[in-house]
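# Summary of the model geometry
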Amino acid sequence: MGSYLIRRLLRTVLVMLGISLVVFVFVRSIPGDPAVAMLGERATPEAAAALREQLGLNKPWFLNPSNPLDAQYPKYMNALLRGDLGTGIKSNIPVLDDLKARFPATAELSVAALLFALLVGMPAGILAALRRNSFWDNLATTISLLGVSMPVFWLGLLLSYFFAVKLGWLPPSARLGSETDLQPMTGFYVLDGLLRGQPAASWDALRHLILPAIALGTIPLAIIARITRSSMLDVLGQDYVRTARAKGLTQRAVTVKHALRNALLPVVTVIGLQAGALLGGAVLTETIFSWPGIGSWVYEAISQRDYPIIQGGVIFAALVVSVANLIVDLSYAALDPRIQYS
Amino acid sequence: MKKLLLTALLSTLSAASAATLVFGGNGEPVSLEPGNITDGISILVQRQIYDTLVDFEDGTTDLKPGLATKWTPNANNTAWTFTLRKGVRFHDGTAMNADAIVFNLSRWWDKAHPYSFRDQGRTFEIVGELLGGYKGDATAVIKNIVKVNDSTVRIDLNKPSSVLPNVLAAGYFGIASPTAIKKEGAKYGTPASKPVGTGPFVFQSWRTGDRVTLLPNKLYWGEKAKVDQLIIRSIKDASQRLNELKAGTIDFANDLTPDSLKSVQADKNLVAVKRPSFNVGFLSLNNRNQYLKNEKVRQAISMAINKKEIVNAFWNGLGISNASFVPPVMAWANSSKVPADYKFDPAAAKKMLADAGYPNGISLDLWYMPVSRPYFPNPKPIAEAIAADLSAIGVKVNLKTEDWAKYLEDRNKEPGFDMYMIGWTGDYGDPDNFYGAYYGSNASDDINWNPSTVETLLQQGRAAPTQAAKAKIYQQLHEMTYNAAYRIPMVHSNPLAAARTYVKGWVPSPLGSEAFNSVSVPGKK
């Protein structure tokens with residue numbers, strides 16, 4: 001187990017290095033250069049050239065024959081290995097500072113969305129499997145089909161309009177109301193409110209969290225419900241379940257002890273995969289809900305060709321997905337004693 | 001628990017009694033360091049914290065005193081002397097004086113200034129654009145910045161300029177505390193720093209990606225703020241800004257789409273606010289194209305587009321169409337020899353195209369912007385309408401677009417776009433800011449036309465000793481540009497804003513941002 005973990009971690013480091021190279025080349029291969037994007041309507045070739053020079057973007061990518069260290073990639077890697085992700089071209093803010101400020105927002109939203117997806121999706125899937133071909137099964141299947149085919153930005157605006165503007169139950173966007181002043185600690189505002197002894201702030205943060213979490217969690221919810229249903233159906237048809245029933249166990253005991261535990265394995269895999277999907281979905285959700293996370297930040301950076309932010313954001317997202325996958329793999333062993341890592 | 005609840009209740013009560021003004025901005029400021037930004041929301045936040053040397057009268061582009069009470073040129077407009085307001089202090093308590101002004105101007109303009117932080121990637125690009133270049137550049141307007149005495153600063157120029165005070169009044173050039181800049185170093189202007197100006201509001205906090213919170217400056221030299229707190233929130237999505245307004249979670253907001261006008265008017269809690277127009281959205285015709293190098297073809301194209309109808313359809317009455325490149329507030333720069341409106345006459349246009357040698361029509365690409373701007377809120381359907389009008393005279397139009405960063409780059413690359421949509425929002429109230437940016441030596445490369453004649457006129461305009469002399473020069477430019485029809489003005493739009501009905505005293509500036517010290521929220525619950 002220990003050596004497995006070390007090998008996995010080493011592989012993650014290699015993957016990260018590979019990704020840093022790929023993203024470096026990739027962002028520079030997208031047509032449209034940062035100097036022009038920064039200048040906008042004012043961009044003239046002369047102004048862009050001057051700005052490019054000032055930003056060091058006119059340097060060679062990999063190799064400067066006269067001064068090997070004065071090329072973009074060696075400089076970037078040199079800084080990266082010291083934990084410096086560079087500085088946003090437009091904002092002059094270190095990418096790492098922005099990441100630190102914004103990641104907790106994305107994490108809080110993703111966790112809430114995943115919780116919503118699990119708490120609704122798993123029971124729905126189990127229910128649908130147990131009552132196969134019933135009204136509930138059809139309802140769950142229809143809703144999950146709708147869920148995966150609904151564009152996130154549309155769902156987000158719809159939720160916001162209906163629940164905030166029409167009904168006035170929840171705030172339309174942002175993480176906190178204007179009247180709430182909360183000094184972040186962990187960056188998870190719901191938690192920070194409690195830690196700071198401001199339950200009203202926690203409540204406010206929670207109310208702001210609901211709509212974006214639903215918007216972001218709907219697609220994973222639909223996927224989780226479907227996987228749970230089919231996996232559950234699969235397991236319910238297995239011999240050991242029949243045996244358990246034959247032994248005279250109650251339906252409840254069969255479902256919970258024998259079927260569910262085995263049916264969960266593919267669900268866990270999906271949850272791992274959804275970690276990446278959540279980061280992707282966060283781009284739109286964060287933009288719609290003015291959520292100050294990394295999704296909307298990287299999205300903006302791409303349209304501005306802000307290389308350091310795109311690079312930092314992608315490397316960081318890759319790290320999150322790698323770690324999520326590692327956790328999924330490790331949790332297999334916990335769920336299924338037959339799986340052993342060595 | 002009881003104690004917690006009580007605290008929560010008390011904090012709710014005290015929050016309710018304080019007047020908080022909440023503005024919905026269309027994004028997050030890039031930086032709160034003056035001189036180093038060009039985006040609207042950074043300027044808007046900076047307007048609250050900083051004063052400029054010269055200011056604009058509310059709702060206009062006319063000049064009024066700012067930190068300078070008086071500004072006078074020498075005889076030939078080659079040096080401007082600014083007399084500073086006495087007794088003004090920065091928010092950190094230090095004095096605003098000639099040293100502070102020289103410090104601010106110098107760090108923008110002088111690349112070798114120890115506090116310009118150029119090595120950190122600071123570009124101060126706007127100084128290069130509006131003032132021709134930096135210290136030592138052959139093209140730079142400014143030659144020297146001189147402290148005459150504690151309350152007098154003189155700016156010597158390399159070439160005459162009548163518009164220097166107008167340029168320095170632009171929202172980019174807020175005056176910051178030298179002490180604060182020296183203290184914060186290269187991180188000045190980022191969320192981790194504390195920007196310090198002399199303006200009506202004092203910086204309190206900037207929560208990344210979310211909001212900037214400001215408090216009133218109790219010692220402000222001018223009109224003091226009427227609220228206890230000003231929050232400027234970042235809400236990127238225009239429909240979400242409207243949702244927030246309707247839900248009452250923000251008090252006022254900018255940059256709504258023209259099609260939300262009806263929805264605003266239908267809501268009894270909201271009032272629509274039309275910002276005075278200070279922009280131009282236009283169609284640019286590339287003379288490298290074999291057809292478009294013919295003046296008749298360009299004029300035919302201009303005549304074939306029903307601009308009035310297009311503006312009515314897509315701007316909901318929030319804009320006008322005329323035959324001038326400068327916005328209506330600078331109508332003094334328009335020539336009476338040019339018709340007020342472009343002529344719309346498809347039959348005559350068709351004949352003109354035939355006379356030019358193309359009786360069977362021609363085919364051209366029309367590029368539309370992939371982004372929304374106040375002057376083209378919805379570029380694609382507008383482009384479709386233009387294409388439909390042009391097809392009526394036999395100009396077959398292929399609609400094209402691409403990613404914005406690429407669009408900006410490709411329009412300037414050989415051979416450029418045949419026809420493309422773009423626009424401009426002014427920085428200060430002078431025609432130089434429009435004609436100079438799109439016809440002068442600083443213009444983009446997609447037209448190659450008469451540069452020496454135009455540049456000479458532009459130079460004369462900048463050097464003109466009187467307003468009358470200046471008007472004459474720009475009227476000449478107006479005639480030239482109208483007849484040449486390289487850039488066909490489509491619209492001068494009124495960007496749509498809206499406020500809750502209890503918001504009082506908001507006078508929107510044509511330039512896109514104004515200080516909120518006059519705004520109050522008497523009926524806000």
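### Overview of the overall build of chain B
- Of regular secondary structure, chain B possesses 16 helices and 19 strands.
- Taken over the C-alpha trace, chain B has a radius of gyration of 24 Å; the compact-globule value for 525 residues is 24 Å, and the two agree within 12%.
- A principal-axis box enclosing the C-alpha atoms of chain B has dimensions of 85 × 60 × 40 Å.
- Relative to its full complement of 525 residues, chain B shows a buried share of 61%.
- With the model as given, the accessible surface of chain B reaches about 19,500 Å², and the carbon-plus-sulfur share is 52%.

### Overview of the overall build of chain A
- When its secondary structure is counted, chain A shows 13 helices and zero strands.
- Listing the helices and strands of chain A from first to last along the sequence gives α-α-α-α-α-α-α-α-α-α-α-α-α.
- Here the C-alpha coordinates of chain A stretch approximately 80 × 55 × 40 Å along the principal axes.
- By the burial criterion, 48% of the 342 residues in chain A qualify as buried.
- Of the contacts formed within chain A by residues at least 6 apart in sequence, a portion of 71% connects residues at least 24 apart.
- Accessible surface, chain A: about 16,300 Å² in total, of which carbon and sulfur atoms supply 68%.
- Taking the average place of the 28 positive charges on the side chains of chain A and the average place of its 21 negative ones, the gap between the two points comes to 12 Å.

### Points about the sheet that holds strand S14 (residues 319–320) of chain B
All names here are of chain B.
- With mixed pairing, the six strands of this open sheet are ordered in space as S14-S18-S13-S17-S15-S16. Two strands in the sheet have a free side with no partner beyond their single neighbour: S14 and strand S16 (395–400).
- Relative to strand S17 (residues 419–425), helix H14 (residues 432–439) is tilted by about 145°, and along the sheet it contacts strand S13 (279–285), S17 and strand S18 (487–493).

### Examining the confidence of the model for chain B
- Averaged over all residues, the pLDDT of chain B is 92; the fraction at 70 or higher stands at 95%.
- The complex model carries a pTM of 0.91, and its ipTM stands at 0.88.

### Points about the packing of aromatic side chains
Residue and element names in this part refer to chain B.
- If you walk through the whole model with that rule in mind, you get 37 aromatic pairs over all chains.
- Each ring, one from Phe278 and one from Phe434, has its centre 5.4 Å from the other, and the planes form 85°; the classification is edge-to-face. Taken together, the positions of Phe278 in the loop between strand S12 (270–274) and S13 and Phe434 in helix H14 put the pair 156 residues apart, joining distant regions of the chain. For the pair formed by Phe278 and Phe434, the shared burial category is buried.
- With a centroid separation of 5.2 Å and an interplanar angle of 70°, the aromatic rings of Phe325 and Tyr439 are classed as edge-to-face. Residue Phe325 is located in the loop between S14 and helix H11 (346–355), and its partner Tyr439 is located in helix H14; the two are separated by 114 residues in the primary sequence.
- Ring pairing ties together the aromatic residues Phe282, Phe325, Trp424, Tyr435, Tyr438, Tyr439 and Tyr474, which thus form one cluster.

### Quick look at the pairing of strand S19 (residues 496–500) of chain B
All names here are of chain B.
- In terms of burial, S19 is largely enclosed, as five of its five residues are buried.
- Bridge analysis of strand S11 (residues 252–256) against S19 gives three bridges, and the strand direction is antiparallel. Following the sheet pairing, Phe252 is matched in S19 by Ala499.
- Where S12 meets S19, five bridges bridge the pair, whose relative direction is antiparallel. For Val271, the partnering residue across the bridge sits in S19 and is Ala499.

### Observations concerning the interface of chain A and chain B
- In this assembly, 52 residues from chain A lie in contact with 58 residues from chain B.
- A combined buried area of about 4,400 Å² lies between chain A and chain B, and 51% of that area is made up of carbon and sulfur atoms.
- When the buried surface of chain A facing chain B is broken down by residue, Glu41(A), Arg42(A) and Ser178(A) rank first, second and third, together holding 18% of it.
- Our enumeration of links across chain A and chain B arrives at five salt bridges.
- Linking chain A with chain B are 20 residue pairs in polar contact (both at pLDDT 80 or more), by the criterion used here.
- At the level of elements, helix H2 (34–39), helix H3 (45–55), helix H5 (95–130), helix H7 (152–166), helix H9 (199–236), helix H11 (251–288) and helix H12 (294–304) of chain A are the ones that each hand at least two residues to the side of chain A that touches chain B.
- Classifying every residue of the side of chain A that touches chain B gives 25 nonpolar, 16 polar and 11 charged.

### Description of the sheet that holds strand S7 (residues 152–157) of chain B
All names here are of chain B.
- Taken together, four strands build an open sheet; the order of strands is S4-S5-S7-S6 and the sheet is antiparallel. Edge positions in the sheet fall to strand S4 (68–73) and strand S6 (142–149), since each has one partner strand and no second. This sheet shows a mean twist of 20° between the axes of neighbouring strands, independent of strand direction.
- The pairing of S4 with strand S5 (residues 79–84) spans five bridges and is classified as antiparallel.

### Overview of the packing of helix H9 (residues 295–304) of chain B against H11(B)
Residue and element names in this part refer to chain B.
- Viewed as axis vectors pointing N to C, H9 and H11 meet at an angle of 165°, and their least axial separation amounts to 8 Å. On the basis of the axis angle, H9 is roughly antiparallel to H11. In this structure, the crossing between H9 and H11 has a hand that is left-handed. Between H9 and H11, the contacting residues are Lys296, Val297, Gln299, Ala300, Met303 and Ala304 on the first element and Pro346, Ala348, Ala349, Met352, Leu353 and Asp355 on the second.

### Description of the side chain of Ser335(B)
Residues and elements named next belong to chain B.
- Structurally, Ser335 can be placed in the loop between S14 and H11.
- By relative accessible area, Ser335 is classed as buried at 7%.
- Within polar-contact distance, the side chain of Ser335 engages the backbone nitrogen of Lys337 at 3.0 Å.
- Setting aside its immediate chain neighbours within four residues, Ser335 contacts Gln475, His478 and Glu479.

### So, the pattern of salt bridges
Residues and elements named next belong to chain A.
- Taken as a whole, this structure holds 41 salt bridges over all chains when the rule is applied.
- Among the salt bridges present, the one from Asp70 reaches Lys59, with a minimum N-O distance of 3.5 Å. Highlighted residues: Asp70 in the loop between H3 and helix H4 (72–81) and Lys59 in the loop between H3 and H4, separated in sequence by 11 residues.
- Exposure remark for Lys59: the relative accessible area of 28% places this residue in the partly exposed category.

### Let's talk about the packing of H5(A) against H9(A)
Residue and element names in this part refer to chain A.
- It is the contact of H5 with H9, at a shortest axis distance of 5 Å, that shows an interaxial angle of 35°. Between H5 and H9 the crossing geometry is right-handed.
- A per-class count over the contact of H5 with H9 returns 24 nonpolar, six polar and two charged.

### Focus: unusual backbone geometry
- Note the cis peptide between Glu414(B) and Pro415(B), where omega equals -5°.
- Here Arg305(A), not a glycine, exhibits a phi torsion of approximately 55°, which is positive.
- Looking at the element boundaries, Arg305(A) is found in the loop between H12 and helix H13 (307–335).
- Given the relative accessible area of 3%, Arg305(A) is considered buried.
- For Phe124(B), which is not glycine, the phi dihedral falls at a positive 45°.
- Looking at the element boundaries, Phe124(B) is found in the loop between helix H3 (98–109) and helix H4 (125–130).
- The exposure class of Phe124(B) is buried, given its relative accessible area of 0%.

Cut-offs used in this document
- Residues numbered from 1 in each chain as written.
- Chains lettered and ligands numbered in written order.
- Predicted model: local features only at pLDDT ≥ 70, side-chain atom pairs only at ≥ 80, totals over all residues.
- Heavy atoms only, no water.
- Helix = DSSP H or I, 4+ residues; strand = E, 2+ residues; numbered from the N terminus.
- Rg over C-alpha atoms; globule rule 2.2 N^0.38 Å.
- Buried < 20%, exposed > 50% of the residue type's maximum accessible area, 1.4 Å probe, protein only.
- Areas by Shrake-Rupley, 256 points an atom, 1.4 Å probe, with all protein chains shown as cover.
- Contact = heavy atoms within 4.5 Å.
- Lys, Arg positive; Asp, Glu negative; His and termini not counted.
- Charge placed at Lys NZ, Arg CZ, Asp CG, Glu CD.
- Pairing = 2+ DSSP bridges.
- Axes fitted to C-alpha atoms, helices over the stretch in contact; angles between N-to-C directions.
- pLDDT = per-residue confidence, 0-100.
- Phe/Tyr/Trp six-rings, centres within 6.5 Å; stacked < 30°, edge-to-face > 60°.
- Buried area = accessible area lost by both parts, 1.4 Å probe.
- Salt bridge = Lys/Arg side-chain N within 4 Å of Asp/Glu carboxyl O.
- Polar contact = N/O pair within 3.5 Å; in protein donor to acceptor, adjacent residues only side chain to side chain.
- Nonpolar A, V, L, I, M, F, W, Y, C, P; charged D, E, K, R; others polar.
- Parallel < 35°, antiparallel > 145°, perpendicular 65-115°, else oblique.
- Left-handed = near helix turned anticlockwise from the far one by under 90°.

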